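As a plain string of letters, each chain reads:
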Amino acid sequence: SMLFSLRKLKTLLDAWTLLTSSGTRSSSITASEVGCSLVDGNGDGVLMQAPLPLDFLRLSSFGLLQGCRMRNTKTEYVSCPSCGRTLFDLQTVTDQISKATGHLPGVTIAVMGCIVNGPGEMADADFGYVGGAPGKIDLYVGKELVRKAIPSEKACDELIELIKENGRWVEPSKNEEEAVTA
């Protein structure tokens with residue numbers, strides 16, 4: 001119902017306001033989540049004000065716009081929720097991939113734990129990283145399997161090479177490199 005949706009948005013925004021007004025960046029509510037909620041029709045806008053650090057406001061604003069699908073400023077990730085079939089540590093690998101590829105606006109990367117549902121769930125992604133067998137990863141470009149049974153420890157580097165081969169790689173700017181190391 002509309003009332004439930006509005007209450008959900010208010011809860012999200014209240015939590016986000018509470019967590020961000022203290023100046024902390026480690027919030028469980030992200031700008032992208034608020035943006036997604038707006039896309040779902042749960043509100044018309046969000047006002048972000050100082051005295052938060054300007055850099056935090058800028059990054060949060062771009063995250064909100066990306067969540068609304070109004071401006072694509074960073075890499076988008078699709079991931080499965082993980083289940084008993086997942087063939088690798090999904091959170092660790094997704095974090096590793098996002099640190100290496102987070103500076104690629106307009107690129108969507110899917111990280112899927114297994115071959116059972118992975119290819120269907122990642123249908124709209126530009127690149128896919130899918131657990132094919134224990135210790136082995138399959139890589140996709142769109143819906144096409146292009147590299148099979150890559151050892152897990154080499155798969156992130158192989159994904160980067162695949163992105164480069166397909167002309168979607170750009171080197172991170174100095175600001176992005178500093179943000180990753182900070």
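Residues numbered from 1 in each chain as written. Predicted model: local features only at pLDDT ≥ 70, side-chain atom pairs only at ≥ 80, totals over all residues. Heavy atoms only, no water.

J.: Just to check I follow, could you spell out the overall build of the protein chain for this structure?
T.: On a plain count of helices and strands, the protein chain comes out with seven helices and five strands. Sequence-ordered secondary structure for the protein chain, helices as α and strands as β, is α-α-α-β-α-β-α-β-β-β-α-α. With 182 residues in all, the protein chain has 35% of them scored as buried. Accessible surface for the protein chain amounts to roughly 10,700 Å². Of this, 55% is attributable to carbon and sulfur atoms. (Helix = DSSP H or I, 4+ residues; strand = E, 2+ residues; numbered from the N terminus. Buried < 20%, exposed > 50% of the residue type's maximum accessible area, 1.4 Å probe, protein only. Areas by Shrake-Rupley, 256 points an atom, 1.4 Å probe, with all protein chains shown as cover.)

J.: Would you mind showing me how to read the pattern of salt bridges here?
T.: Pairing between side chains of opposite charge can happen when their charged atoms approach one another. Throughout the structure, instances matching the rule amount to five salt bridges. Notably, a salt bridge pairs arginine 147 with glutamate 165, separated by 2.6 Å at the nearest N-O pair. Placement of the pair is arginine 147 in strand S5 (residues 144-151) and glutamate 165 in helix H6 (residues 152-165), with a sequence separation of 18 residues. On the basis of relative accessibility, which here comes to 18%, the residue arginine 147 falls in the buried class. Among the charged side chains, a salt-bridge network with shared partners connects Arg147, Glu158 and Glu165. (Salt bridge = Lys/Arg side-chain N within 4 Å of Asp/Glu carboxyl O.)

J.: When you look at helix H4 (residues 90-101) in this model, what are you seeing that I'm missing?
T.: The periodicity of an α-helix, 3.6 residues per turn, causes residues three or four places apart in sequence to face the same way. Compared with the 16 Å implied by 1.5 Å per residue over twelve residues, the 16 Å span of H4 between its first and last C-alpha is a close match. Within H4, burial applies to Leu90, Val93, Thr94, Ile97 and Thr101. Viewed along the axis of H4, the buried residues span an arc of 100 degrees, placing them on a single side of the element. Exposed residues lying more than 90 degrees from the buried face of H4 are Gln91 and Lys99. (Expected span 1.5 Å × (residues − 1). Arc of directions from axis to C-beta.)

J.: Whenever I open this one, H6 confuses me. Can you help?
T.: With 14 residues, H6 extends 20 Å between its outermost C-alpha atoms, agreeing within 8% with the 20 Å of an ideal straight helix rising 1.5 Å per residue. Within H6 the residues assigned to the buried category are Ala155, Cys156, Leu159, Ile160, Leu162 and Ile163. Along its buried surface, H6 packs onto H4, strand S2 (108-112), strand S3 (127-133), strand S4 (136-141) and S5. Glycine 167 sits one or two residues past H6 and shows a positive phi near 70 degrees. (Contact = heavy atoms within 4.5 Å.)

J.: Even after reading the chapter, I still don't get the sheet that holds S4, so can you show me in this structure?
T.: Hydrogen bonding along the main chain pairs the strands of a sheet, whether they run parallel or antiparallel. Read from one edge of the open sheet, five strands run S1-S2-S3-S4-S5, paired in mixed fashion. Strands with a single pairing partner mark the edges of an open sheet, and in this sheet they are strand S1 (76-79) and S5. The sheet shows a mean angle of 20 degrees between the axes of neighbouring strands, taken without regard to direction. The sheet contact formed by S4 and S5 spans five bridges and is antiparallel. The residue bridging lysine 136 from the neighbouring strand is proline 151, located in S5. Where H4 meets the sheet, its contacts fall on S1, S2 and S3, and the angle it forms with S2 comes to roughly 160 degrees. (Pairing = 2+ DSSP bridges. Axes fitted to C-alpha atoms, helices over the stretch in contact; angles between N-to-C directions.)

J.: Please explain the state of the cysteines as it appears in this structure.
T.: Working definition of a disulfide: a covalent bond connecting the sulfur atoms of two cysteines. Within the structure shown, the criterion is met by zero disulfides. Here cysteine 83 is not cross-linked by a disulfide; its sulfur's nearest cysteine counterpart is in cysteine 114, at 5.2 Å. (Disulfide = S-S within 2.5 Å.)

J.: Honestly, the environment of serine 98 in this entry has me stumped. Any pointers?
T.: As for its position among the elements, serine 98 is in helix H4. Through-space distance from the C-alpha of serine 98 to that of threonine 75 is 8.0 Å; in sequence the pair is 23 residues apart.

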